[in-house]
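Okay, here's what each chain looks like letter by letter:
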Amino acid sequence: MSERLKIAITKGRLLDKSVELFEAAGLDCAPIRDPGRRLVHSLPNYPLDAVLAKAPDVITYVEHGVCDMGIVGKDTILEKGGSFYEVLDLGFGRCRFALAVRQGSDFYGTYKTRRIASKYPEVTRTFFEKKGMDVDIIKIEGSVELAPILNLTDAIVDIVETGATLKANGLVPIEDVAQVSARLIVNTASMKLYKAEIEDFIARCEAELERREHD
Ligand code: PRP
């Protein structure tokens, strides 16, 4: 009898794509397709319970070992960090972090300390630290594009998917900061304790990802 494992999945866009992947890999996801307000769901034909959580909490539950595995964006991994194995790039949720400024503004053409707005202060700090550039970072909770429009900052570091939000707000990307996609993460102790079960799950996902690559 194989151990029943728990996987924390980021609610929202990544959940829909995760369900598509799991179903293609042979897992019946009917309970997660119609979750209602319920947050934990047992899959009927595979020994896995799905826990629906916010992105940073996926990492918290996996790090503490109350969930064995997790699906979370690389953006959250880069921002929050933590101790776990990142075992698979799931290929969906693709976007990038970019540095963006107001159209026509010369970001590098001044010696004064630049101010940057971001929902991701850690990602922003690491990016400018690598450049050896001293910047003031202001944490914004959402719709970061407002900060340069309102002249609070010189630039933003934010997620860009289609580029439509930047364009609609008169901003242009001037540099890529990091590539982002959904990742499968695994608790370090679970990886040893439930090696066979986790390897089976990874192999099923990998087989489906390979099939997609050849489509
Ligand atoms: C993200 C991001 C941008 C937008 C980019 O926001 O912060 O605002 O999506 O997508 P695009 O390049 O396709 O236009 P999200 O929808 O997550 O909301 P938020 O601004 O509240 O973070």
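Structure: see above.
Residues numbered from 1 in each chain as written. Predicted model: local features only at pLDDT ≥ 70, side-chain atom pairs only at ≥ 80, totals over all residues. Heavy atoms only, no water.

Caption draft 1: Structural context of the layout of surface pockets. Taken as a whole, the largest pocket encloses approximately 1200 Å³ of empty space. Around the largest pocket, the lining is made up of 39 residues, and of these Arg-13, Asp-75, Lys-119, Tyr-120 and Ile-159 lie nearest the centre. Taken together, the elements giving at least two residues each to the lining of the largest pocket come down to α1 (13-24), α3 (55-63), α4 (74-80), β9 (155-160) and α7 (164-168). Partitioning the lining of the largest pocket into residue classes produces 14 nonpolar, 11 polar and 14 charged. Taken together, domain 1 (5-93 + 181-214) and domain 2 (95-179) each give at least three residues to the lining of the largest pocket, which thus spans both. (1 Å grid on protein atoms, 1.4 Å probe; cavity = no way out; pocket = protein on both sides within 12 Å on 5 of 7 lines; lining within 4 Å. Points joined across faces, edges and corners; volume = space filled by probe spheres on them. Helix = DSSP H or I, 4+ residues; strand = E, 2+ residues; numbered from the N terminus. Nonpolar A, V, L, I, M, F, W, Y, C, P; charged D, E, K, R; others polar. Domains from an automatic or database assignment.)

Caption draft 2: Main features of the pattern of salt bridges. The final tally for this structure, using the stated rule, is 17 salt bridges. A salt bridge links Glu-122 to Arg-125, with the nearest nitrogen and oxygen atoms 2.6 Å apart. Taken together, the residues span about one helical turn, with Glu-122 and Arg-125 both in helix α5 (residues 121-131) at a distance of 3 residues. For Glu-122, a relative accessible area of 31% translates into the label partly exposed. Arg-125 sits in the partly exposed class, given a relative accessible area of 35%. Between Glu-199 and Lys-195 there is a salt bridge, with the nearest N and O atoms lying 3.0 Å from each other. Here Lys-195 and Glu-199 lie together in helix α9 (residues 195-213), a separation of 4 residues that amounts to about one turn. Accessibility expressed as a relative area gives 41% for Glu-199, which makes it partly exposed. Salt bridges sharing common partners tie together Lys-74, Glu-86, Asp-89 and Arg-183. (Salt bridge = Lys/Arg side-chain N within 4 Å of Asp/Glu carboxyl O. Buried < 20%, exposed > 50% of the residue type's maximum accessible area, 1.4 Å probe, protein only.)

Caption draft 3: The sheet that holds strand β6 (residues 95-102), seen in detail. Judged by pairing direction, the sheet is mixed, and its 5 strands sit side by side in the order β8-β7-β9-β6-β10 without closing on themselves. In this open sheet, the two strands that pair with only one neighbour each are β8 (135-139) and β10 (171-180). Sheet twist, expressed as the average angle between the axes of neighbouring strands with direction ignored, equals 25°. When strand β7 (residues 114-118) meets β8, the two strands line up parallel, connected through 5 bridges. In the strand pairing of β8, Arg-114 is matched with Val-135. (Pairing = 2+ DSSP bridges. Axes fitted to C-alpha atoms, helices over the stretch in contact; angles between N-to-C directions.)

These results come straight from atomic positions and should not be treated as a statement about function.
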